[in-house]
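Given next are the chains, with one letter for each unit.
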Amino acid sequence: FKGLMMQAKQEKNTIRATGVPGLADQLEKIQSELSLCEKALAEYLETKRLAFPRFYFSSSADLLDILSKGNQPLMVAKHLTKLFDSMAKLVMAKDEQGEVTNTAITMVAKDGEVVPFKEACVCEGQVEVWLNRLMNAMRETIRDEFFKSMSTYEQAAREKWLFDYPAQVHGIV
């Protein structure tokens, strides 16, 4: 297609540029090959959406970006708000040299609320696999915070209690 467009660019006369013998056949062949590629891509994206259903909330362009950067959790993190309601960023652990690892230790909400994970979440391997692990870590953390909050609900003053636990816990009570 690029070659055809370069040839067309060189010819200033539109009639001569589009009157090349066999041009229509070449364009139809290119169109059918493009359709085949689009179908294969759609099938591939559907398999990824089946593996991690929250991908249905993101566009195909966003999903391609996520999949292409799947081994870079901080690059994928810019899409977290499309996948999770209350998670906008991740804080990753650092190794002995101070380098950022692929292990998430804290989640940060859109409003800036910071909640450390109950257990660190390793964000490695296929992106849909580690996003499922991340979702489970988030659920387990909120569940743990909920149980902690319920044990102090009756004893603490309501105003103090509200600020002692993540906001997601308040929505449950």
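Participant: Any chance you could explain the state of the cysteines here in plain terms?
Facilitator: A covalent bond between the sulfur atoms of two cysteines is referred to as a disulfide. Evaluated as defined, the whole model comprises 0 disulfides. Free cysteine Cys123: the closest other cysteine sulfur is in Cys121, separated by 4.4 Å. Judged by relative accessible area, which is 0%, Cys123 ranks as buried.

Participant: Help me out: how do you make sense of the packing of aromatic side chains in this one?
Facilitator: The way to describe two aromatic rings as a pair is by their centre distance and the angle between their planes. Counting across every chain of the model gives 2 aromatic pairs. Relative to Phe55, the ring of Phe52 has its centre 5.0 Å away and its plane inclined at 70°; by these criteria the two rings are edge-to-face. Taking the relative accessible area as the measure of exposure, Phe52 reaches 0% and is therefore buried. Under the relative-accessibility criterion, Phe55 is labelled buried at 0%.

Participant: Is there a simple way to think about the sheet that holds strand 2 (residues 100-108) in this case?
Facilitator: For sheets, the rule is that strands pair by backbone hydrogen bonds, running either parallel or antiparallel. Read from one edge to the other, the open sheet built from 3 strands follows the order 1-2-3, with strand pairing classed as antiparallel. One side of each edge strand has no neighbouring strand; the edge strands of this open sheet are strand 1 (89-94) and strand 3 (114-122). On average, adjacent strands in this sheet sit at an angle of 40° to one another, irrespective of strand direction. Both strand 1 and strand 2 contribute to a ladder of 5 bridges, which runs antiparallel. Pairing of Leu90 across the sheet is with Met107, part of strand 2. Lying over the sheet, helix 7 (residues 127-152) contacts strand 1, strand 2 and strand 3, oriented at roughly 135° with respect to strand 3.

What counts and how
Residues numbered from 1 in each chain as written. Predicted model: local features only at pLDDT ≥ 70, side-chain atom pairs only at ≥ 80, totals over all residues. Heavy atoms only, no water. Disulfide = S-S within 2.5 Å. Buried < 20%, exposed > 50% of the residue type's maximum accessible area, 1.4 Å probe, protein only. Phe/Tyr/Trp six-rings, centres within 6.5 Å; stacked < 30°, edge-to-face > 60°. Pairing = 2+ DSSP bridges. Helix = DSSP H or I, 4+ residues; strand = E, 2+ residues; numbered from the N terminus. Axes fitted to C-alpha atoms, helices over the stretch in contact; angles between N-to-C directions. Contact = heavy atoms within 4.5 Å.

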